[in-house]
Amino acid sequence: MKLSKTKANNSFRYSWLLQRVYPYIKPVMGRVILGFLVALPVGLLDGIVAFSLKPYMDFVIGNKPWEFSLFGHAYSIQPDFLAFVIPFAVVGFAMTQGFFKYLNSYLTNWTSQKITNAVKRDLFSTFVYMDTAFYDENASGIIISRYLNDPDTASKNLVDKCKNIVTSFVGALGLIFVMLYSSWQLAIVGVAVLCVAFVPVALIRKVVKRTSNQTMVVNGDMTTNFNETYAGNKVISAYCLQKDRIKVFNSQVHRSFDIAMSLVKRSAWMSPLMYSIASVGIAIVLAVGTQLIRSGTMTSGDFASFVTSLLLLYKPMKTLGGTLTSIQNIFVALGRVFELFDIKPSIHDRENPAILDGLNDSIKFNNVSFAYNEEKTVLHNISMEIAKGETIALVGNSGGGKSTLVNLIPRFYDVNEGSITIDGVDIRDISLNSLRKNIAMVFQDNFLFTGTIRENIMMGDPNASEEELEQAVKSAHLEEMLAEMPDGLDTILGERGTTLSGGQRQRVAIARAMIRKSPIVILDEATSALDNKSEAIVQKALDNLIQNKTVFVIAHRLSTIQNAHRIAVINEGQLVELGTHDELMNIEHGQYRMLYEMQFKKQGALV
Ligand SMILES: Nc1ncnc2c1ncn2[C@@H]1O[C@H](COP(=O)(O)OP(=O)(O)OP(=O)(O)O)[C@@H](O)[C@H]1O
Ligand SMILES: [Mg+2]
């Protein structure tokens, strides 16, 4: 599935989203609820401040006692006392609000981080189990962008924004309640106007979704550019490509700017529009309010409370408007995250798979055809049988399909037609783990991870003993190299093992394959020429690796084909010849004979 083409179609199916996101919220539910509870008074306190203005205006300024009855008792509070208490009360409330705000921040961040981390963990597991075709199809940048940005956008702000909505909503409700209490006639006018102000929010959803998807793609492109600049830094320096890289990057920056601005153009008018509508509301309220006071329906204290509430109402309303806009982004990101969770790798275990425990008999290709995509079939109808203990060398034209053929054995890809069987069992019926445990691979470009040499070798078998490690080091002819390094096996390698030479990297990879002790070995020999001495060492290491194993080796060296029992010639995806060196050399105008004369014989002469 191509990630840059995803549509986040489920982004606004709220019940679907809720259902998917709930498992992540559930473990931290207690604190989420506590956070919401703490957030409520924060929102409500504005209303209380506005409410306290009424007694202040009517009784302190008006200088008369405040008389009211509560639960059948009549109370009377003196204006002097009120004048003394109310300012303290306001400060007290503000401090309480401050404390709750702190607690709220703490809880919000705690829960958000937890949720985000859980989502990221699952997303990482999803990525790590994806099949090879997924990685072929998607550039690194888009994967990194989907991994780094979406969970943050989606879950980090989720709790915060929901809480914003609740606090603003409750705050607004409190203020509206004060307004209703002060004058219900005026309150109706005010609230009606506010409702109108919210209509535009619903209209910009589509724009948000489109720009968010475009941003994801351009961020991915930028990250790919970074990665390639990093990995390809030598090529860039050697061919003076710096200016071109900058040009590409600048165009991506421009594109990102255009996308961001198109969102601003389409959404930034919302806030001023709401503000304008609100100001119309205030104007109407002032006019009607004056009439109500003059006619004696309303006290000036009521009016002061009302107008203060109305003005204070602007803040939660603005927050609410802003949050409802930005939460759209969260929904789009959430939609994209859960969409990823739904991608199932096309290579997976079938139900109750067989467990492969060693090779007893043979590996068989039965009329295997394979294509990476619809455009071109890479392998055509290949049939061959490799007996246990046999070494088969694959030779043929570049791009002919040798690497593809061996990649089918550990199921990096599945065959399109035909089948591959091990001891008569179709490899699609064998559990992936057990299949791959029985195969040790040394690739054409040997990938080492950041970390020590020891860690890199032990990846072959994390449970290997110290003696087995030593044995692997010895067999891979690494001892001499390690002796020269002050930290030996614990020498830390640069990213991708860049601090080692090509031949050294290869031997570390051979040690990694060796320690695995798998009965099947697949070797994609490096085409890059090593000098004669390193080549001889690598060759010795390889000889040790393939002893008593069943081996597929893509051969680029004379010595390798000389060591093989049989040779398979793969040209343009066809198995054209299969047999021993002597058999194939005897075919007149044979492909192998031609290849041998052109390529391998020369090497013999050189050595
Ligand atoms: N991941 C991929 N997606 C699509 N096509 C691919 C992929 N990998 C290889 N191909 C194509 O499949 C064909 C066979 O490639 P393959 O790597 O198997 O050749 P090869 O015989 O190993 O060549 P070489 O000797 O140069 O390593 C080529 O045409 C190549 O372009
Ligand atoms: Mg190859």
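Anything mentioned here points back to the structure above.
Please read these numbers as outputs of a predicted model, since none were measured by experiment. (Residues numbered from 1 in each chain as written. Chains lettered and ligands numbered in written order. Predicted model: local features only at pLDDT ≥ 70, side-chain atom pairs only at ≥ 80, totals over all residues.)

Participant: Just to check I follow, could you spell out the overall build of the chain for this structure?
Facilitator: When helices and strands are tallied, the chain shows 22 helices and 14 strands. Taken over the C-alpha trace, the chain has a radius of gyration of 36 Å; the compact-globule value for 607 residues is 25 Å, which it surpasses by more than 25%. Seen through its principal axes, the chain has C-alpha atoms that stretch 120 × 55 × 50 Å. Residues counted as buried form 36% of the 607 residues belonging to the chain. Restricting the contact set of the chain to residue pairs at least 6 apart, pairs at least 24 apart contribute 80%. (Helix = DSSP H or I, 4+ residues; strand = E, 2+ residues; numbered from the N terminus. Rg over C-alpha atoms; globule rule 2.2 N^0.38 Å. Buried ≥ 20, exposed ≤ 12 C-beta atoms within 10 Å, placed from the backbone. Contact = placed C-beta atoms within 7 Å.)

Participant: How should I be thinking about the environment of Met384 in this particular structure?
Facilitator: Within the fold, Met384 resides in strand S4 (residues 376–387). Measuring from C-alpha to C-alpha, the distance between Met384 and Pro410 comes to 17 Å, with 26 residues separating the pair along the chain. Once you skip the residues sitting within four places of it in the chain, Met384 turns out to touch Phe365, Ala568, Leu575 and Leu578.

Participant: Help me understand the sheet that holds strand S3 (residues 362–373), please; the structure alone is not making it clear to me.
Facilitator: To summarise the sheet geometry, strands pair through backbone hydrogen bonds and adopt either a parallel or an antiparallel arrangement. With antiparallel pairing, the four strands of this open sheet are ordered in space as S4-S3-S6-S7. Here the strands that pair on one side only, and so sit at the sheet edges, are S4 and strand S7 (425–426). The sheet contact formed by S3 and strand S6 (residues 417–422) spans five bridges and is antiparallel. By the bridge assignment, Ser369 is partnered in S6 with Glu417. (Pairing = 2+ DSSP bridges.)

Participant: What is the right way to look at the environment of Leu148 in this model?
Facilitator: Inspection of the secondary structure assignment puts Leu148 in helix H5 (residues 140–182). For Leu148 and Val508, which are 360 residues apart along the polypeptide, the C-alpha to C-alpha distance reads 32 Å.

Participant: Can you help me understand the site of ligand 1 in this one?
Facilitator: Every residue near ligand 1 is listed here: Asp136, Tyr372, Val378, Ser398, Gly399, Gly400, Gly401, Lys402, Ser403 and Thr404. In terms of residues, the shell around ligand 1 owes the most to one element, helix H13 (residues 402–407), which gives three residues. Within the shell around ligand 1, the residues separate by chemical class into two nonpolar, six polar and two charged. (Near = placed C-beta within 6 Å. Nonpolar A, V, L, I, M, F, W, Y, C, P; charged D, E, K, R; others polar.)

Participant: What is the right way to look at the sheet that holds strand S11 (residues 520–524) in this model?
Facilitator: Strand order in the open sheet made by the six strands is S8-S11-S12-S5-S13-S14, with mixed pairing throughout. Looking at the sheet topology across the chains shown, the edges are occupied by strand S8 (439–442) and strand S14 (574–579). Each adjacent strand pair in this sheet contributes to an overall mean axis angle of 15 degrees, direction not counted. Pairing of S8 with S11, which is carried by four bridges, proceeds in the parallel orientation. Directly across from Ala440, in S11, lies its bridge partner Val521. (Axes fitted to C-alpha atoms, helices over the stretch in contact; angles between N-to-C directions.)

Participant: Got a minute to help me understand the pairing of strand S2 (residues 73–77) in this structure?
Facilitator: For a regular strand, side chains alternate in direction, first toward one face of the sheet and then toward the other. Burial analysis of S2 places just zero of its five residues in the buried class, a small minority of the element. Counted between consecutive antiparallel strands, the loop separating strand S1 (residues 66–70) from S2 contains two residues, among which Phe71 sits at a positive phi close to 50 degrees.

Participant: Hey, could you run me through the pairing of strand S5 (residues 391–395) in this one?
Facilitator: The buried fraction of S5 is high, at five of five residues. Side chains Thr391, Ala393 and Val395 of S5 all project onto a buried face; the interleaved residues Ile392 and Leu394 project onto the opposite face, where all are buried too. Pairing geometry for S5 and strand S12 (residues 550–554), over four bridges, is parallel. The residue of S12 that forms the bridge with Ile392 is Phe552. The sheet contact formed by S5 and strand S13 (residues 566–571) spans four bridges and is parallel. By the bridge assignment, Ile392 is partnered in S13 with Arg566.

Participant: I keep staring at helix H11 (residues 270–294) and nothing clicks. Help me out?
Facilitator: Because an α-helix packs 3.6 residues into every turn, residues spaced three or four apart end up facing the same way. Over its 25 residues, H11 runs 36 Å from end to end, which matches the ideal 36 Å to within 8%, given 1.5 Å per residue. Among the residues of H11, Met270, Met274, Ala278, Gly281, Val285 and Gly289 are the ones counted as buried. Remark: Gly296 follows H11 within two positions and exhibits a positive phi of approximately 80 degrees. (Expected span 1.5 Å × (residues − 1).)

Participant: So what exactly am I meant to see when it comes to the packing of helix H8 (residues 205–231) against helix H10 (residues 242–267) here?
Facilitator: Geometrically, a packed helix pair is captured by the angle between its two axes and the distance between the axes. As a packed pair, H8 and H10 sit with axes 10 Å apart at the nearest point and diverge in direction by 165 degrees. In terms of orientation, H8 lies roughly antiparallel with respect to H10. Note that H8 runs across H10; the crossing there is left-handed. Note on element contacts: H10 touches H8 through Arg245, Val248, Phe249, Gln252, Arg255, Ser256, Ile259, Ser262, Leu263, Arg266 and Ser267, opposite Val207, Val208, Thr211, Gln214, Thr215, Val218, Asp221, Met222, Asn225 and Thr229. Residues that form the contact of H8 with H10 fall into these classes: eight nonpolar, nine polar and four charged. (Parallel < 35°, antiparallel > 145°, perpendicular 65-115°, else oblique. Left-handed = near helix turned anticlockwise from the far one by under 90°.)

Participant: Looking at this structure, I do not really get unusual backbone geometry. What am I missing?
Facilitator: Excluding glycine, most residues fall at negative phi; most peptide bonds, likewise, are trans. At Phe71, a residue that is not glycine, the phi angle is positive and equals roughly 50 degrees. Assignment of secondary structure puts Phe71 in the loop between S1 and S2. The exposure class assigned to Phe71 is exposed, which follows from the 4 C-beta atoms found within 10 Å. With a phi close to 50 degrees, Asp423 is a non-glycine residue in the positive phi region. With respect to the helices and strands, Asp423 occurs in the loop between S6 and S7.

Participant: Is there a simple way to think about the environment of Leu17 in this case?
Facilitator: Relative to the assigned elements, Leu17 resides in helix H1 (residues 14–25). Sequence separation between Leu17 and Phe338 is 321 residues, and the spatial gap between their C-alpha atoms is 8.1 Å. Other than its neighbours up to four places away in sequence, Leu17 contacts Asn10, Phe331, Leu334 and Gly335.

Participant: Any chance you could explain the packing of H5 against helix H6 (residues 184–197) here in plain terms?
Facilitator: In contact at an axis separation of 6 Å, H5 and H6 are set at 140 degrees when each is read in the N-to-C sense. In this view, H5 runs oblique relative to H6, as classed from their interaxial angle. Only Trp184, Leu186, Ala187, Gly190 and Val191 of H6 make contact with H5, whose side of the interface consists of Ile176, Met179 and Leu180. The class makeup of the residues in the contact of H5 with H6 is seven nonpolar, one polar and no charged.

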